[in-house]
Amino acid sequence: QAGNEEVRRAIMNDALKNSRSVAARLEIARGDALVNGSVTISENGVTAAVTFGRAGAMSVTAAILWTTVATADPFADLDTWRNAYVAQNGAEPGAIVMSRSTLATMRRCTNVAKAVFPTSTGIPTLLSQTAISDALVAFGLPPMYVYYAQANTYAGTATPVLPANKVLLLPA
């Protein structure tokens, strides 16, 4: 009976490993779908591609990258992108989703600080997530959510689900 228990334990361990691998691959595919409007799989002898028909105009880059913290204007960018989203979809986005890295950059942007503290003489050089989120909603933009997850690929490489430099406007 001891041999049967070892076999059962090995099968359960394999099942757990396989289910975690499937869950990780699905999470990576979900990120691809949100960021690229498509999912492409080319691994383990499987090749497949699905395109969800998202308009190319919905993939944009800020005129001044947010990493240029002295002059970038993330609130203006988000407002422009929200207007394009409404024009394309006929409804307001329900959420802004970004990585921790993007939020960290946004927290240092001078124009964000000026928008959050418009009448302050001593504008802080680092803003809280709550202050930014509250200001976004006050300016009529959707709530902001920070999402960070990594999933291990089949090869064992830890892959961020959402790239560090992307911001998503998602439906409610």
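Residues numbered from 1 in each chain as written. Predicted model: local features only at pLDDT ≥ 70, side-chain atom pairs only at ≥ 80, totals over all residues. Heavy atoms only, no water.

**A look at the pairing of strand 3 (residues 95-98)**
Move 1: Neither face of strand 3 is exposed, since Ala95 and Val97 on one face and Ile96 and Met98 on the opposite face are all buried.
Move 2: Looking at chain direction, strand 3 and strand 7 (residues 167-170) are connected through four bridges and run antiparallel. Among the inter-strand pairings, Val97 is bridged to a residue of strand 7, identified as Leu168.
Move 3: Bridging between strand 3 and strand 4 (residues 144-146) involves three bridges; their strand directions are parallel. Bridging across to strand 4, Val97 finds its partner in Tyr145. (Buried < 20%, exposed > 50% of the residue type's maximum accessible area, 1.4 Å probe, protein only. Helix = DSSP H or I, 4+ residues; strand = E, 2+ residues; numbered from the N terminus. Pairing = 2+ DSSP bridges.)

**Side note on the packing of aromatic side chains**
Each aromatic ring pair is described using two quantities: the centre-to-centre distance and the angle formed by the ring planes.
Move 1: The tally for this structure, following the rule as stated, stands at two aromatic pairs.
Move 2: With a centroid separation of 5.9 Å and an interplanar angle of 15°, the aromatic rings of Trp66 and Trp81 are classed as stacked. In this pair, Trp66 sits in the loop between strand 2 (46-51) and helix 2 (74-89) while Trp81 sits in helix 2, placing the two residues 15 residues apart along the sequence. The pair formed by Trp66 and Trp81 is uniform in burial state, with each residue classed as buried.
Move 3: Ring geometry for Phe75 against Phe139: centres 5.6 Å apart, planes inclined by 75°, an arrangement best described as edge-to-face. Of this pair, Phe75 sits in helix 2 while Phe139 is found in the loop between helix 5 (129-138) and strand 4, placing the two residues 64 residues apart along the sequence.
Move 4: Accessibility expressed as a relative area gives 7% for Phe75, which makes it buried. (Phe/Tyr/Trp six-rings, centres within 6.5 Å; stacked < 30°, edge-to-face > 60°.)

**Some words on the environment of Pro118**
Move 1: For Pro118, the position within the fold is in the loop between helix 4 (110-116) and helix 5.
Move 2: The class of Pro118 is exposed, set by a relative accessible area of 65%.
Move 3: Sequence separation between Pro118 and Leu170 is 52 residues, and the spatial gap between their C-alpha atoms is 28 Å.

**Examining unusual backbone geometry**
Move 1: For Asn44, which is not a glycine, the phi torsion comes out positive at approximately 55°.
Move 2: Assignment of secondary structure puts Asn44 in the loop between strand 1 (38-43) and strand 2.

**Here we look at the environment of Ala33**
Move 1: Its place among the elements puts Ala33 in helix 1 (residues 2-36).
Move 2: Among the residues examined, Ala33 registers a relative accessible area of 22% and is labelled partly exposed.
Move 3: With 137 residues separating them along the chain, Ala33 and Leu170 place their C-alpha atoms 12 Å apart.
Move 4: Residues in contact with Ala33, not counting those within four places in the same chain, are Ser38, Val39, Phe52 and Arg54. (Contact = heavy atoms within 4.5 Å.)

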